Each structure stands twice: as structure tokens, then as C-alpha cells.
Amino acid sequence: RHRHKEKWAATAPRIPSTRLALHHFDTSYSLHLGALWPSVRAGLLCEQKYGALLNNFAAADHVPQELELLDATDFISEASQKAQQWQRVVAAGEASRGCQEGSEMSPPLCASISSKIKCYTFPRGDITRFRPARLDALGLLDYYLMDAASLLPVLALNVQPDDFVLDLCAAPGGKTLALLQTGFCGHLAANDVSVSRTKRLYQILHSYVPREVRDNVSVTSYDGRDWDQLKGGTFHKVLVDVPCTTDRHSAMEEDNNIFHKRRTKERQMLPMLQLQLLMAGILAAKPGGEVVYSTCSLSPLQNECVVERALDVAEAQFGISIHVEDLSHFRTFFQDVFSFFSDCRLGELVLPHLTANFGPMYFCKLRRM
């Protein structure tokens, strides 16, 4: 009788991973986000909002007009126009004060936001869904649906003509595709440790990118932590979009959920893995090169704390000085599209919000001195 009862107890219904994730978030994020947490929590548990990243390689000149008729707008060009207006106001103010030199802040503002990347989103509060992507006459898809906040790390990287670019954790490929849309990558190294996820990356490249552009992309499946031993100090720009608790997925999906009981150790080790990947990214950059670190988590332990630790390790172990770039202008120019957290110690964080349900997306830009 007792043995039977023990077996019954051992196979009692397990707690769903999504519920474990939410319990964890309620405990930690209510402290971190305070009064904002209930609204962020509601956003996490509702349908995610998408943007349509236009494929500049496709013969799809009709698509912008089609999307504009649905009341979608290219949020990047709108921000770029805002940045240009702001600069004109600043320049006029300086001229009237008789300043000889331009504002130190102004050049990077326009540069990082005026981009060949075009991404259409519906207005705040509008939950219209985009139609599935369609093939053009050449067999390339006309746009890629993704969380529009995922483009902010790519914009922050500010790729320039002929830059050698490394996407250290590239799969499934949305940010890799966005980097190629700039038209500026002299060479793009797209790496991901997972062979199965790298197959998805290949699929995206073949569906969206013509062969002559794909020839400038090398896809590899190395452990990103070892990258500096392969090709250290060679890249102008490095994107380190690390594995994280993927908060939205963890709160909504049982499949492949990092809060599953069997993955507890893996989850606890994430900040260490993230630090190792960020250090590899820093060491892969040339002196003067730039690194953007990003996650899709709200956790300060995976965000600012990892960056702060990397700054210490770079200085103490490698004698490398790192400058953290100010990205507050992203908040200024994208505040109509995204809901930003105003209290990040380093970098910027997009919060899910029912009227603008993108993110979470954390990003921080570092310059190797």
C-alpha cells in the first residue's frame, strides 16, 4: 500500500515551467521594476507585437505603399527625421549664441538612426497583424516579421561601409538579416554554437538574401566563448546577443522552457555564460572597435551586472579599457514606438507594454579603447 502511494506521489502533476517562470519574475521583477511590474507582466502575457523588416534585396517596391495604406509606418525613418529636426534646432541655437563648434552629441545621433534598415510597425494600441511574407519574382521574401525592438541593438552598432562585423550568437537570424540590410558589411561572420539553430539561419539567408551578398557571409558553429582564440582583435563591430531567460517565451511557452526543473543548473549558470560570451566579443573587436551586448530579458543580473563585470575583467585580466557609450538618444527618438525603462544604470531596456507590446530588449554599447 505504501509503495503504491509513494509511486503516486512521485508522479504527481509537475508544476508547469511557465508558472515557475512567472513566480520567479514576480519575486525578482516586482523589486526591480516596482510599480511598473504589473503593467509589464500584463504585456508579457499578451500577444507580442511585430514589425515588418523590409527586405532591401527583394523586388518589392510596392510593399511600403501597401503597408502605409494599412496605417503602418517605418519607425526608423520617422526617428531619423526627428533626429535631423533636433540637430537643426541645436545648430540654430548654437549659431544664435555664436558657438563656433558643433554640439559634441549631434553627429552620432543622426548617424546611428539614419539607416538603410526599414521596419514598419502599426501605431501604439493597434494590434493589427501583418500578412505572411510573400515571394518576389526572384524567389526572395519581401519582409521578415520580428520583434521591432530587436532592431535597436543593430541600429546601436551603427555599421559603417566596409566594416568587418561579427554576430557571435547569430541564430535564428533576424539580427543577422538586419545587419545585411544596412548594405555596409564588408564581411559578416555569423556564428552560433547550435548546429540545428544554424540550419534555421541558413534558411533565412537563402530565403531573403541573393547569392552575391551571401558570399560575403561566413556561417560557423563554434562555441562563441572560444572566438578570441580563433580570430581575436579583427572586427570593427561585434554583436553579442546572448542566450538568456527569454522572458516572454518563458512566461508563455512550455516547449524548450529554461525554467523547466531539469534546466535549473543551466539557468543559474546563464550570467557566467553571458560574461564569457561578452568577453569573447570584446576580445574579437579591434582596438577602437565597438561591441553591442543584448538580451531579451528584464533581469539586471543578465543585463547591467554582466556588463559591469566585463568592464572589470577586461581591465584586470587583459589591460583593456572599455568605454560605455551613452544611448539615451534612443529613448528620445523611439519613445513613440517603444516603452523604455528610465532607470537602467548602463544601456537601455525596452519594456513590454499593452499599447506597445515589443520586448523585453536590453542593449548596451561598448567601445574598446
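Because the structure is a prediction, the values reported are computed rather than measured. (Residues numbered from 1 in each chain as written. Predicted model: local features only at pLDDT ≥ 70, side-chain atom pairs only at ≥ 80, totals over all residues. Heavy atoms only, no water.)

Asker: What am I meant to see in the overall build of the protein here?
Answerer: In terms of helices and strands, the protein carries 16 helices and 13 strands. Scaling as 2.2 N^0.38, a compact globule of 369 residues should have a C-alpha radius of gyration of about 21 Å, and the protein matches this with 22 Å. Principal axes of the C-alpha set define a box for the protein whose edges measure 90 × 55 × 45 Å. Burial status across the protein gives 50% buried among its 369 residues. In the protein, 76% of the contacts between residues at least 6 apart in sequence involve partners at least 24 apart. Element-wise, carbon and sulfur atoms account for 54% of the exposed surface of the protein, whose accessible area totals about 17,900 Å². (Helix = DSSP H or I, 4+ residues; strand = E, 2+ residues; numbered from the N terminus. Rg over C-alpha atoms; globule rule 2.2 N^0.38 Å. Buried < 20%, exposed > 50% of the residue type's maximum accessible area, 1.4 Å probe, protein only. Contact = heavy atoms within 4.5 Å. Areas by Shrake-Rupley, 256 points an atom, 1.4 Å probe, with all protein chains shown as cover.)

Asker: In this structure, what is going on with the packing of aromatic side chains? I would like to understand it.
Answerer: Aromatic ring pairs: the centre-centre distance and the angle between the two ring planes describe each pair. Applying the stated criterion across every chain, the model contains 17 aromatic pairs. On the basis of an interplanar angle of 80° and a centroid distance of 6.3 Å, the ring pair of Trp86 and Phe333 is categorised as edge-to-face. A residue pair is termed long-range when its members are at least 10 positions apart, and Trp86 in helix α5 (residues 75–97) and Phe333 in helix α16 (residues 328–334) qualify at 247 residues. Relative accessible area serves as the criterion here: at 5%, Phe333 is assigned to the buried category. Within the aromatic cluster, the residues linked to one another by ring pairs are Phe75, Phe330, Phe334, Phe338, Phe340, Phe358 and Phe363. (Phe/Tyr/Trp six-rings, centres within 6.5 Å; stacked < 30°, edge-to-face > 60°.)

Asker: Any chance you could explain the nonpolar core here in plain terms?
Answerer: Note on soluble globular proteins: their nonpolar side chains tend to be buried together. Counting 50 residues, the largest nonpolar core has Phe75, Leu151, Leu152, Leu179, Phe334 and Phe338 as its most contacted members. The greatest single-element share of this core, amounting to 6 residues, is contributed by helix α7 (residues 151–157). Ignoring any residue separated from it by four or fewer positions in sequence, one finds Leu179 in contact with Val154, Leu157, Val159, Val165, Asp167, Cys185, Leu188 and Leu239. One finds Val40, Leu283, Ala284 and Ala310 within the second-largest nonpolar core, a separate group that totals 48 residues. (Core = buried A, V, L, I, M, F, W, Y, C linked by side-chain atoms within 4.5 Å.)

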